[in-house]
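Each chain is listed here by its residues.
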Amino acid sequence: MTGLVTALVLGPILVGFVLYALPKGADAGAKWAGVAVAALAVALTLGNPHTPDDSVPWLARPFGAAFHFGFGAISYWIVVLLQVATFSALVALRATRLREYTAQMLVLLGAMTGVFLAKDLLLFALFWDLMLVPVFLLMVGWGLPGGGPRRAGTAAWRYLIYNLAGGLCLLLATAAFGIVHGSTDVIGNPDAHVVIGNVWGAWIFAGFAFAFLVKTPVFPFHTWMPATYGELPPPVVAVVSGIQSKAGLYGFIVIGLPFFAEQMRAATPLVVALGIISLLYGAFTALAQSDAKRVVAYSSLSHLGLILIAIFSFDQVAIAGAVVYIVAHGLFSAALFLVLGYVEEREETRSLQRLGGLGYGNPRLAGALVFAALAALGLPGLAGFAGELLILTGLYHAGFGAVALIALVPIVVAAAYMLRLFQGIMNGPKVADLPERRDLTWIEGLAVAPLVLGFILLGIDPAPVAGLASDAARALTGPQTPVSHRAQPRRSETESAYVAADSVR
Amino acid sequence: MTHTPLGIEGSYPLLYLIWLLPLAGAVILWTFGPQLRSLGGPVGAALVGTAFVAALVSWNDATQISDKLGGAHAPMVSWLPGFAFGLLFDRLALVWTLIITGVGFLIHVYSIGYMSGDRAFARFFAFLNFFVFAMLTLVLSDNFVGLLIGWGLVGLASYFLIGFWFERPSAVAAARKAFVINVLGDVGILFAVIVIVTKVGSIGYGDVFGNAAQAFTSGELFVVCLALFVGCAAKSAQVPLHTWLPDAMEGPTPVSALIHAATMVTAGVYLIARCAPLWTASAEARELVGVIGALTAIAGAVLGIAQWDIKRILAYSTMSQIGYMIMAVGVGAFSAGVLHFLTHAFFKAELFLGAGIIIHNLADEQDVRRMGGLRKQMPFAFIAMLVGVLAICGIPGFSGYFSKDAILYGTLQHGHPILYAVGVITAGITAYYMFRLLFVTFFGQFRGNVDASDLGIRHPDSGTPGQAARLAHEAEEREHHGSGHAHAPAWIMSAPVAVLIPFSIGIGWLAIGGENSPWQTFFAPVFPAAPATADVAPIPELLSGVIVLVVVAAGIALAYLRYGTKAALGASVARLRAETMKMPPVLVNRYYFDAAIDALFVKPAAAAGRFFGSFVDPVVIDGGVREVAHSATWLGHLFRSFQTGLVRGYALYLVFGVACFVVYYAVIGAGK
């Protein structure tokens, strides 16, 4: 179906604007329209996986650019994740000015779909900046200042300034890329033959890399993130932490690996070092946070550091694992933030020192939280584990054995901080002065269910995601020594995990 | 890599039934628990019982042998090439499956009585069923990743059940501790898996064992075995990762019987037995594991002397007995180790369930100092515990005698006289503290009405696991129903124990007949022949057995003299008080392991986290960024305009602008 991909990008944005234009008072209708758009987007994406690209020539000077959208092997499942998360965020949404809220969420959905489905670098960069705006507005309009004397809105500014700085670098790098290469219509194009010389290449790559590292974020660019995640309303942070934070990692995979392989290899020691620091720093910091949302924020720093390392290992299985982990992390962090939001709505606090004993009266809420926390701590059998296993295997295979060994430490720490989070809220004696509210409602259950179902299914069999990604990763990183390079004799190449994903099933 | 097949491939519908029935039970009971109410227990028990019957019916699938392959193999999904999953039901898996579902069924039935009246009755059975499913995943997997998944899930089930009474802070802390230490073990296995996949290219047992010799250097093989053993040590409570097991007694007693005695904690024994080809090939790994096992055996036994909580005495005895098993499989006496798993599963479950009857009848009293003279009050519990004690001490004729003897003689056969000596001494200590338990609990006068301080108990109201919770529950139940709830009949708790008694006595008889015993014949196709390093034992088996018996008799005699004589029983209050007061601090503090772990790992980790979160982030990084930002005046302008509300407008314009831009080019582009 031609036009479908473009519709997935522009449709939500247009509906968002229509909602904005509606008269006041249409709140409930607006929300359900938003839910319907998200659900429809999920259905259309899942129903048409082989949709051809939409491409229209756009600029000819100073460099070629096309209005080019399409599904990619890496982006497909991320977009599905994004649409599902948006559905989950909207379906149980309760807020003031619901109409405007929903409109912003739809603009966010469209803008982020644009980032992941853009096949043109310029388009990618434009949507990259566009997706900052709704988040900023949502934070200013509906933000929940976490405990402490900080003024509301400080975090929103920090978010905007950090990310605009990144976005500016991205835009400049894109322009330079276009001028040097002559065209920006290159993402996912195997015939692009991009060769960018050393002097230019280093600077252009630095521009991309800065934007990606800030977005992810990694140490030391991360301080906007706990503040933002703390202050954003939970349904928004579910989408931002779940998917927006993956835009940088996605960029490294689809832009970095094919076009800047040389520069990436040169930067590997530095980036891997930052990844390791993020991995450990995030994990230990999460252990000592008393704001529930900040625990998850720092855990994200830790998890995304691992994915970054995986991408820079240039290893096919590690990259397949990275994509599995990107989707897994999106699912469980969205679920975690949503459930923490329900807790905060009910108890009007998210301080682990205040909360406690909620498991008594809220068994369903406790069940939802424990599932999400278990996925986050990498429980074998859930999606996070599958991603970690593939990543660590790839790292070890690619000669990053010491890194793989270090990466085991945060797994143990994750068990400690995730249980501290869960038990701090749900277990222990009842806290007398906490209000008793109703348990998870069916509609909140409906919001969390697709995410939980997602990380269970992906944990049992990540092949649909891993297979596509492994295939793409092979194309991106070139031929590699198969995993079983030591054991002889090998019967055929197809036995190795480092060979075509066609043989996955 | 040459692909090495495993078992006889085919479709085995019953195998899936065995595996998935308990999962179905967990899902149903968890979802519909509140509706099922008191039906939850029988439903959970029936599903596990059906799985047990299905396993019995599938006996021939597991024992079939053709062309050197044994057992049933059912392939399932594949993640990526090399990551193929399936079920393997061979003789080793059969033994574990029968114990998990069989003993598991009995403990489910027992729990119907023990947990009756608990607020979350159905949820308890959901967790028990989930545990059975997880444990079956572990033992039925045909590959290392499936094993690791089962390994992690049993840890989770254990977490849920230790923390079942989650309003008690001590139970919550114990659950978390158990889980974190078990994740440490998971991580060890994870690392082994990573190395295995990289070197061999497959996670399947057949491929790994078939290619181990070419794929690994001896150093790598040792690393793999060591990493696997980290998992075993965490799960099976081996020194120094044992500290969670005594704390795990915070869980309801049936949980202690099923998970923390009969099944889960023996997973390490299973893993080493499963990986017998790797252990056989690595002498260093055998040496290390044998030593750790022996160390755990004696360390646990010594701590058993110093306990007053009936469940903690049994917990340390579990740790010690698993030390025996690990020592056995470590040195290469695989079938002896597995036999001890089998006998231990019966007699230890029986000991725990017997203790549970006492605890239940004494309104959750667990301190043996406040028991005494229970022989007349609870004759059935006495007989059950007596049989269990005789079995664990290795009295000839009882099951433990055969398996412990096989292990001790096995250490000699495989050339480890020092481990043998440690094992023999441990047997003596075991006899001493188990008879101490017996005398203090069942003989003399009942001391439940004696003032706690007269017995030397310092915190009489610190409570015993479950007590406060249950009292709270019962108070609440009374509020709801007006009067006390109806307790399940007493037989529902005694019947499972009665079934266990003959097995605790007789299951060891399988090993009668030495090399030609049914047990040895059963496992002959599974375990490789003894490694080449095996020496001829320096003394005959009979002499070895006599030495053990003499030491055990000495242990019993000592316990009798201290606790069992008329004089001792008459002055029991004063004597117990004196013993409590004089208990060496090193034993009271459990060799300071907990304090050391706390000081070396837990506290520094939290301190680092606080330092990062409250100094590095806000002061170092943000401070640096702010320095840069403050020098830029435009930032100040932005802030001012934000406060006037203008910026929100700008941002909106930006959205509009970008959108118009995009739409414009789309239309223009489409027009071309």
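None of these values were measured; they are calculated from a predicted model. (Residues numbered from 1 in each chain as written. Chains lettered and ligands numbered in written order. Predicted model: local features only at pLDDT ≥ 70, side-chain atom pairs only at ≥ 80, totals over all residues. Heavy atoms only, no water.)

Asks: Describe the overall build of chain A, with residues and values.
Replies: Of regular secondary structure, chain A possesses 20 helices and two strands. For chain A, the C-alpha radius of gyration of 22 Å lies close to 23 Å, the compact-globule estimate for 505 residues. On the principal axes, the C-alpha backbone points of chain A span a range of 65 × 55 × 40 Å. Looking at chain A as a whole, 69% of its 505 residues qualify as buried. (Helix = DSSP H or I, 4+ residues; strand = E, 2+ residues; numbered from the N terminus. Rg over C-alpha atoms; globule rule 2.2 N^0.38 Å. Buried < 20%, exposed > 50% of the residue type's maximum accessible area, 1.4 Å probe, protein only.)

Asks: I'd like a rundown of the pairing of strand S1 (residues 54-59) of chain A, residues and numbers included.
Replies: Residues and elements named next belong to chain A. The pairing of S1 with strand S2 (residues 65-69) spans five bridges and is antiparallel. Its bridge partner lying in S2, Val56 is registered against Phe67. Remark: five residues form the turn of the hairpin made by S1 and S2, two consecutive strands paired antiparallel. (Pairing = 2+ DSSP bridges.)

Asks: Tell me about the pattern of salt bridges, and please be specific about residues and values.
Replies: For the structure on display, the rule yields 23 salt bridges over all chains. Two residues, Arg474(A) and Asp471(A), come together in a salt bridge whose shortest N-O distance is 3.3 Å. Placement of both Arg474(A) and Asp471(A) in helix H20 (residues 463-477) is noted, with a separation of three residues, approximately one turn of the helix. Under the relative-accessibility criterion, Arg474(A) is labelled partly exposed at 32%. With a shortest N-O distance of 2.8 Å, Lys177(B) and Asp247(B) are connected by a salt bridge. Highlighted residues: Lys177(B) in helix H7 (residues 169-200) and Asp247(B) in helix H10 (residues 244-247), separated in sequence by 70 residues. (Salt bridge = Lys/Arg side-chain N within 4 Å of Asp/Glu carboxyl O.)

Asks: Let's hear about the confidence of the model for chain A: which residues, and what values?
Replies: When pLDDT drops low, the exact placement of atoms in the prediction is not to be read closely. Residues and elements named next belong to chain A. Summarising the model, chain A shows a mean pLDDT of 87, and 92% of its residues fall at 70 or more. For chain A, per-element mean pLDDT is lowest for H20, which scores 86, and highest for helix H3 (residues 75-91), which scores 95. Long-range and interchain partners of residues 481-505, a stretch whose pLDDT sits below 50, account for 78 contacts in this model, where long-range means more than four residues apart. (pLDDT = per-residue confidence, 0-100. Contact = heavy atoms within 4.5 Å.)

Asks: Got a sec to walk through the sheet that holds strand S5 (residues 84-89) of chain B? Specific residues and values, please.
Replies: Residues and elements named next belong to chain B. Ordered in space as S1-S4-S5, the three strands form an open sheet in which the pairing is mixed. Two strands in the sheet have a free side with no partner beyond their single neighbour: strand S1 (8-9) and S5. Note: strand S4 (residues 72-78) against S5, five bridges, orientation antiparallel. In the sheet register, Pro75 faces S5, and the bridge partner there is Gly86.

Asks: Break down the confidence of the model for chain B for me, with residues and values.
Replies: All names here are of chain B. Taken residue by residue, chain B gives an average pLDDT of 85. The fraction at 70 or more is 87%. Least confident of the elements in chain B is helix H21 (residues 467-481), whose mean pLDDT is 49; most confident is helix H6 (residues 144-162), at 94. Scored below 50 in pLDDT, residues 460-466 shows 13 contacts in the model against residues more than four places distant or in partner chains. A low-confidence stretch, residues 477-487 (pLDDT under 50), is modelled with 13 contacts involving residues beyond four sequence positions or located in other chains.

Asks: Which residues make up a nonpolar patch on the surface, and what values do they have?
Replies: Residues and elements named next belong to chain B. Residues Leu542, Leu543, Val546, Ile547 and Val550 make up a contiguous nonpolar surface patch of about 450 Å² in total accessible area. Its location among the elements puts Val550 in helix H24 (residues 541-564). You can call Val550 exposed: its relative accessible area is 53%. (Patch = residues over 30% accessible without salt bridge, like charges linked within 9 Å, V, L, I, M, F, W, Y side chains within 5 Å. Areas by Shrake-Rupley, 256 points an atom, 1.4 Å probe, with all protein chains shown as cover.)

Asks: Residue-level account of the environment of Val95(B), with values.
Replies: By the element assignment, Val95(B) lies in helix H4 (residues 91-114). Taking C-alpha positions, Val95(B) is 9.6 Å from Phe341(B), a pair spaced 246 residues apart along the chain.

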